[in-house]
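Next come the chains, spelled out residue by residue.
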Amino acid sequence: MTCKIWFIIFFLYCHSFCQEYLWPVQGEKALTAVFGEERPGRYHTGIDIRTFGEIGYKLIAVDDGYISRIRTSSKGYGKTLYLKLNDGNTVVYAHLDHFTSELDNLVNALHEYYGKYTIDHKIETKDYSVKKGDVLGYSGDTGGVSGPHLHFEIRDKNEQPINPFNTSLNISDHIHPVANSLAIIPLNENSFVDGLSEQKVYPLKKLDDNVYVIDDTISVYGSIGLAIETIDKITGQFFNFGIYSINLLLNAEFIYSMQYDLINWENASKIYTERSYSLYRQGHGKFYHLFTHHENQGLPFINNKSRSGYTFNNSGLHDAIINIQDYAGNKIEVRAFFSSDTIPEFEYTTNFLNNSCIVTFNESQKFEPQFFLCGKYANDKAIPSEYYDMGNNTFVIENIIPPLCVLQISGKNENGISSRPTFHIKSADLINPIEGELTILQYEHGLFIKFSEKEFSGLDPFLVMEKEGINYSYDLNRNRRNTFTTELLNPQELVNVKEINIHYEKNLQAEIFNFDLSGGVVFPDSPFQIELLNGMLRIKGNTETFYDTTFIWAEPLKVSLPKEGKIITEPFFLKPDLIPFNREIQMDILLDPLQISDHLGIYSYNPKKSDWTYLSSELYSDSLFIRTSISSGEIFAVIEEINPPELSEFTPYLDGTYYSSDLEHLSFSVHDTFAGIEGETDVILKLDGKPVIFEYNSYQKKVRYPLKYNLTKGTHTLYVQASDKVGNMSFVEGKFFIK
């Protein structure tokens, strides 16, 4: 009898806690995104289920429960339904096209009750109970989407998002993750990678489906962090996906571990402590940090014993093993070797003769010479060159002819560590004059000033900064064929710097490049207000806007003109752009009194897409400044736009005649291709002189109002008004007839 009782208890326990969820969409198991992926400034907190560009897929209750909350909006999650399950979890269905008829009636009543379309209504009672497998609504494209899909979340009893694939939900996958590259990041001013203080990215070599390596041993010293660029591929799916877990061992010692099981809402702003913001902004891809950063050990998916990097100060080889796993348990391993020994330096002489070069090393130690030929331009690839070993450490390289007229020389010691390369060109191929570009690169551990030659010169420049009338000279290191950088600088070294110049020693120290600097230093524990560009720009921020002492500056520049609108203020690049902002910065731009109008806005420019995006702006009537808030360093300008939104595709047609039973809704399209429409608050729809509460689909650019009753016979009036974000307005007024 006792055994039977325990069996019944065990059965009930399993039934309550081991019950399987149904797949939330009645259709193919297809994904476009998984839990924990990076989104701008936040984490992706669910899975995105593909609906193949269509709307109307049935959405299924994954288990028994009741509707606890309903939201509708033209932004964010759009039409959203929250299902509280009997096991205590809450599942979220977002971007719906519509709900069931019963729920649609409830939503229509709530719109009337609140007097607006955007609502967030919690249902305290269990009046809307559902059974596992019930239809809850239909997939759509409402809210902030780039196309139709279902965003699906599971939240725990504390309303925190958990990984749906840690439940009974799953998708078939037999493909291993893919690792593309490994970044080595110096974490302070006393840390070096291949003898330099700048972070460096190394491509990974695939040995088989399970193992990736870096070919060479990497020279490192000091406090170093690693970051990995890796993606997952899923069987039968056509997208790149995020990773489930990563572990790092160094010299068989635990360094770091993360696993995306849970994400807390309050931790969303810390995403760029766990992902590399600078590597992404520099175009290297999306990297996962393999070290804790800015006290992010509290993130629920990071092992709290993880370390803030590794200190390399002992000679010898160090072995790093990175284990990467996807949600289906498919794994890969990445291996890399490091050495803390001093980076080798080899002395050699070069002697160019016609199209050949004789290179003689002054070395008694064992080494392997490395020769490459390349062009004068930065994007020209270096090609391994054949050479003749003449004995006595003398080598001959031939066929040094344009475009492969630059010879790259380095050596590898018996530990597999390469020296820093040097670059050589015969004097007949030197260029004059020298052209280039100067930039400031600021990372969280400091900044560099970089000069990039348009064409390889073969000459050595130096840098001069003018502070309060005094010139200070700085050496430049050639860290690549066409680029030179200073040593790592503290941001405070740029205080009071007004001008930066580049000189070449063999050019009679003539100044060949001039850079006017307009900036100021911000400390993390102090609020700030700084004027830039001779007072044209004011920026203001609170404490902890940045984690570290930071230099903020602005550079005027030329960019593509907008397809619509007129640029009012000269575009400028506000930097730093490689460091994430913890808090928004208030930015004010001074206007010419003669150019002030009612249709101005501050826009940011995307160089990759060559387009402008409006930022919420406010023009103050008692001053000549226009204001916005920004959360990253970008290119900005004030633009005037006077084109109103376009209204089209009306249902019913104006002056048209309809049977009452044939007209189920009112609809029309609203297009504004530049400033854009904010949402339903920028549109007015009146039927027979009375405002109605309608839906604005921001993806389709369409307004729709379902008629709640059959219209009476006779004449009816329709009034539509739409305003864009800078106040341009258009309206349509007319009649239609019901017979």
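Here, residues in each chain are numbered from 1, in the same order as that chain's written sequence. Only residues with pLDDT of at least 70 get local features here, since the model is predicted, and only at 80 or more are side-chain atom pairs given and counted; chain-wide, interface and lining totals rely on the full set of residues. Note: side-chain values were computed over all heavy atoms of the structure, leaving out hydrogens and water.

**Q** How should I be thinking about the sheet that holds strand S60 (residues 702-706) in this particular structure?
**A** The pairing of strands in a sheet comes from backbone hydrogen bonds and takes either a parallel or an antiparallel form. Taking strand neighbours across the sheet as the criterion, the 4 strands line up as S54-S56-S60-S59 in an open arrangement whose pairing is antiparallel. With partners counted over all chains shown, the strands left at the sheet margins are strand S54 (646-651) and strand S59 (695-697), one partner each. Recorded for the sheet is a direction-independent mean angle of 20° between the axes of neighbouring strands. Judged from the 5 bridges that link them, strand S56 (residues 665-671) and S60 form a sheet pairing that is antiparallel. Directly across from Ser667, in S60, lies its bridge partner Arg704. DSSP bridges decide pairing: two strands pair if at least two such bridges lie between them. Secondary structure elements follow DSSP: runs of H or I of four or more residues count as helices, runs of E of two or more count as strands, with numbering from the N terminus. Only the stretch in contact is used when fitting a helix axis, every axis being a line fitted to C-alpha atoms; angles between N-to-C directions are given from 0 to 180 degrees.

**Q** Would you mind showing me how to read helix H2 (residues 101-114) here?
**A** Counting along an α-helix, one turn takes 3.6 residues, and residues three or four places apart therefore face a common direction. To estimate the expected span of a helix, count its residues, drop one, and scale the result by 1.5 Å. For H2, spanning 14 residues, the distance from its first C-alpha to its last is 20 Å, which sits close to the expected 20 Å at 1.5 Å a residue. Three or more residues of H2 are buried, namely Leu103, Asp104, Leu106, Val107, Leu110 and His111. Looking down the long axis of H2, one finds its buried residues gathered within 160° of arc, a one-sided arrangement. Opposite its buried face, H2 presents the exposed residues Ser101, Glu102, Asn105 and Tyr113, each directed more than 90 degrees away. The contact criterion used is simple: two residues touch if any of their non-hydrogen atoms lie within 4.5 Å. Residues of H2 that are buried in the fold lie against strand S6 (65-72), strand S7 (79-85), strand S8 (90-99), strand S9 (119-122) and strand S11 (135-139). Of the residues one or two after H2, Gly115 is the one with positive phi, at around 75°. Throughout, exposure labels follow a simple rule: accessible area from a 1.4 Å probe, protein chains only, divided by the maximum for the residue type, with under 20% read as buried, over 50% as exposed, and the rest as partly exposed. Throughout, the arc means the angular range of directions from the helix axis out to the C-beta atoms.

**Q** Help me understand the sheet that holds strand S32 (residues 406-413), please; the structure alone is not making it clear to me.
**A** With antiparallel pairing, the 4 strands of this open sheet are ordered in space as S29-S28-S32-S33. Edge strands, defined here as strands with exactly one partner in the open sheet, are strand S29 (383-384) and strand S33 (422-424). When S32 meets S33, the two strands line up antiparallel, connected through 3 bridges. Bridging across to S33, Leu407 finds its partner in His424.

**Q** It is not clear to me how the confidence of the model for the protein should be interpreted in this structure. Could you clarify?
**A** Taken over all residues, the pLDDT of the protein has a mean of 92, while the share at 70 or more is 96%. The quantity known as pLDDT measures the predictor's confidence residue by residue, on a range of 0 to 100. The model gives residues 1-17 a pLDDT under 50, and that stretch makes 3 contacts with residues more than four places away or in other chains.

**Q** Sorry, what's going on with the side chain of His44 here?
**A** Locating His44 in the fold gives a position in the loop between strand S3 (42-43) and strand S4 (47-50). For His44, the side chain forms a polar contact with the side chain of Asp48, separated by 3.1 Å. Apart from residues lying up to four places away in sequence, His44 is in contact with Ala33, Val34, Phe35, Gly36, Glu37, Arg39, His151 and Ile263. Polar contacts, as used here, are pairs of N or O atoms within 3.5 Å; protein pairs need one atom able to donate a hydrogen and one able to accept it. Residues neighboring in sequence count only if both atoms are side-chain atoms.

**Q** Even after reading the chapter, I still don't get the pattern of salt bridges, so can you show me in this structure?
**A** Here the idea is simple: oppositely charged side chains can pair when their charged atoms come close. When a carboxyl oxygen of Asp or Glu is within 4 Å of a side-chain nitrogen of Lys or Arg, the pair counts as a salt bridge. Inspection of the entire model under this criterion finds 22 salt bridges. The residue Arg69 makes a salt bridge to Asp120 at a minimum N-O spacing of 2.8 Å. On the criterion of sequence distance, the pair formed by Arg69 in strand S6 and Asp120 in strand S9 is long-range, its members being 51 residues apart. Take Asp120: its relative accessible area is 40%, and that puts it in the partly exposed class. As a salt-bridge pair, Glu555 and Lys575 come within 3.7 Å of each other at their nearest N and O atoms. Of the two residues, Glu555 sits in strand S45 (residues 550-556) while Lys575 sits in strand S47 (residues 572-575), which places them 20 residues apart along the sequence. A relative accessible area of 8% means that Lys575 is categorised as buried. Salt bridges sharing common partners tie together Glu38, Glu274 and Arg275.

**Q** Would you mind showing me how to read empty space enclosed by the protein here?
**A** Where empty space is left becomes clear once a probe the size of a water molecule has been rolled over the atoms. Using protein atoms alone on a 1 Å grid, points that fit a 1.4 Å probe yet trap it form a cavity, whereas open point sets bounded by protein on both sides within 12 Å along at least five of seven lines form a pocket; residues with an atom within 4 Å of a point count as lining. Grid points are joined across faces, edges and corners, and a volume is the space filled by probe spheres set on the points. Counted under the stated rule, the structure contains 2 cavities of 30 Å³ or more. Its boundaries defined by the atoms lining it, the largest cavity holds a volume of some 50 Å³. Around the largest cavity, the lining residues are Leu196, Ser197, Glu198, Phe448, Asn477, Asn479, Thr485, Thr486 and Glu487. The residue inventory of the lining of the largest cavity, partitioned by class, reads 2 nonpolar, 5 polar and 2 charged. The computed volume of the second largest cavity comes to approximately 40 Å³. What lines the second largest cavity is simply Ile224, Gly225, Leu226, Leu248, Leu250, Ile255, Leu290, Phe291, Gly309 and Tyr310. Elements with a contribution of two residues or more to the lining of the second largest cavity: strand S19 (218-231) and strand S20 (245-250). With 3 residues, the single largest contributor to the lining of the second largest cavity is S19. Only Asp, Glu, Lys and Arg are considered charged, only Ala, Val, Leu, Ile, Met, Phe, Trp, Tyr, Cys and Pro nonpolar, and every remaining residue, Gly among them, polar.

**Q** Sorry, what's going on with the state of the cysteines here?
**A** Where two cysteines share a covalent bond between their sulfur atoms, that bond is called a disulfide. By definition, disulfides here are pairs of cysteine sulfur atoms that lie within 2.5 Å. Applying the stated criterion across every chain, the model contains 0 disulfides. Of all cysteine sulfurs in the structure, the one in Cys405 sits closest to Cys374, which takes part in no disulfide; the separation is 8.1 Å.

**Q** Which parts of the structure should I look at to understand the environment of His176?
**A** Among the structural elements, His176 can be located in the loop between strand S13 (161-162) and strand S14 (178-186). Considering only alpha carbons, one finds His176 and Phe395, 219 residues apart in sequence, at a separation of 45 Å. Those residues in contact with His176, other than ones at most four positions away along the chain, are Asp209, Asn210, Asp232, Lys233, Asn330, Lys331 and Ile332. Within polar-contact distance, the side chain of His176 engages the side chain of Asn210 at 3.3 Å.

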